[in-house]
Amino acid sequence: MKALIYTGHPAWKESLNTEIQSRWEEHLKKLPMIESYRLYSVYRKSEQELEESIEDEEILIGFYIGSYLNEDFYRRHPNVRYIATLAMGYAPFDRSAAKRHGVTLTNTVYGAQTIAQFTMALLLDICHNVRGNSDFIKNAPDEVLSDGAFFNPINRQIELYGKTMGIIGLGHVGLWVAGMAQSFGMNVIASSRHKKEGPEYEFIEQVSSDEVLARADVISLNCSANPSTEHIINTESINKMKDGAIIINTSRGSLIDEAALADALKIGKLYAAGLDATTADNTHRHIPLMDCPNAVITPHIAWAPFEAQLRAVDIAMDNLRAWIEGHPKSVV
């Protein structure tokens, strides 16, 4: 079998980092059934360029799963039998076409803890503004330092202990967010499409999404993007929230009606928002939320720690081995 490995991320400058390349090669050498492979950097490559890179490989790893995986795609590439995205998420695709052509598709659940950590980083930044306070005290002249600068934060400080974390989407990331929130002494409530069973969920009170909106001091969006979740945060849902609530989104920008959120931030209905995912991810343009001083916005980087990228390689290759051995896992 032949494999084509798409390394990195279209926007990631280190998409062919030598250490990551070595990690791929280390794994591939342990799979004698892979007779040949190619590493292909996806940095700044279009969907068309990615598809044009396919030759006669049966295995594509790192090829994002989306709507272009349809009947026509499989006809153009009849040898393809296995496609693995290196992402945790994926877009809607033609499942029936994949089944007709005998193609298995998997995702790579590598970064739940990483994204949960970034969720808490956004929240802690809102609660404490550590860098802002640091910059103030480092740059203040002596007359300011001697006139009450110490012991007086430049912004409100918020304690998480005893507050309620509400999670919408109790998948891998949501569960990690729940655990981290609990470690801060927060009460955790969550809603999901299906009630989660098992001892790992016992500390979480599973409720309806409306109850999450009404009770939570902090709301973390950890659900997938699909037609049913588009703009789940909108004027109506915001009106159900507590005054002064905080919303965190490390999932997808489409989950939020950004105009409604901007209005709620400007009038003080919501205290703040921490957003690693916005519509700017796709438009690459300024959005009104960027004008809200109480919106902390980062450039979709929750996934990016190098340790997580190495783990993605390890998990993707473990998934590949499982497929080769006839018991595929992480099938989407």
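All figures in this text were calculated on a predicted structure; none of them were measured in a lab.

Turning our eyes to something else, we now look at the packing of aromatic side chains. Per the stated rule, a full pass over the model turns up seven aromatic pairs. Look at F63 and Y68: their rings are 5.8 Å apart centre to centre, the planes differ by 85°, and that puts the pair in the edge-to-face class. A connected cluster of aromatic rings, assembled from ring pairs, spans Y6, Y40, F63, Y68, F73 and Y74. Between K45 and the ring centre of Y40, over which it is positioned, the NZ or CZ distance is 5.4 Å. One Lys or Arg, R156, reaches over the ring of Y271 and ends 4.8 Å from the middle of that ring.

Moving on: the sheet that holds strand β2 (residues 36-41). Overall, parallel pairing links the five strands, which are arranged β2-β1-β3-β4-β5 in an open sheet. Edge positions in the sheet fall to β2 and β5 (104-106), since each of these pairs with one other strand and no more. Shown here is a sheet whose adjacent strand axes are inclined to one another by a mean of 10°, direction ignored. Two elements, strand β4 (residues 82-84) and β5, share three bridges in a ladder whose sense is parallel. In the strand pairing of β5, Y82 is matched with T104. Packed on one face of the sheet, helix α1 (residues 18-28) meets β1 (2-7), β2 and β3 (59-61) and runs near 165° to β2. Relative to β3, helix α13 (residues 306-324) is tilted by about 160°, and along the sheet it contacts β3, β4 and β5.

Quick look at the sheet that holds strand β9 (residues 218-221) now. Taken in spatial order, the seven strands of this open sheet run β8-β7-β6-β9-β10-β11-β12, and their pairing is parallel. Of all the strands in the sheet, just β8 (205-206) and β12 (295-297) have a single pairing partner and so form its edges. Strand direction decides the pairing type here: β9 and strand β10 (residues 245-249), joined by four bridges, are parallel. If you follow S220 over to β10, its bridge partner there is I248.

This paragraph deals with the layout of surface pockets. If you add up the space inside the second largest pocket, you get close to 190 Å³. Only α5 (112-128), β11 (270-275) and β12 provide two or more residues apiece to the lining of the second largest pocket. Classifying every residue of the lining of the second largest pocket by side-chain character gives six nonpolar, three polar and one charged.

What counts, and at which threshold
- Residues numbered from 1 in each chain as written.
- Predicted model: local features only at pLDDT ≥ 70, side-chain atom pairs only at ≥ 80, totals over all residues.
- Heavy atoms only, no water.
- Phe/Tyr/Trp six-rings, centres within 6.5 Å; stacked < 30°, edge-to-face > 60°.
- Lys NZ or Arg CZ within 6 Å of the ring centre and 35° of its normal.
- Pairing = 2+ DSSP bridges.
- Helix = DSSP H or I, 4+ residues; strand = E, 2+ residues; numbered from the N terminus.
- Axes fitted to C-alpha atoms, helices over the stretch in contact; angles between N-to-C directions.
- Contact = heavy atoms within 4.5 Å.
- 1 Å grid on protein atoms, 1.4 Å probe; cavity = no way out; pocket = protein on both sides within 12 Å on 5 of 7 lines; lining within 4 Å.
- Points joined across faces, edges and corners; volume = space filled by probe spheres on them.
- Nonpolar A, V, L, I, M, F, W, Y, C, P; charged D, E, K, R; others polar.

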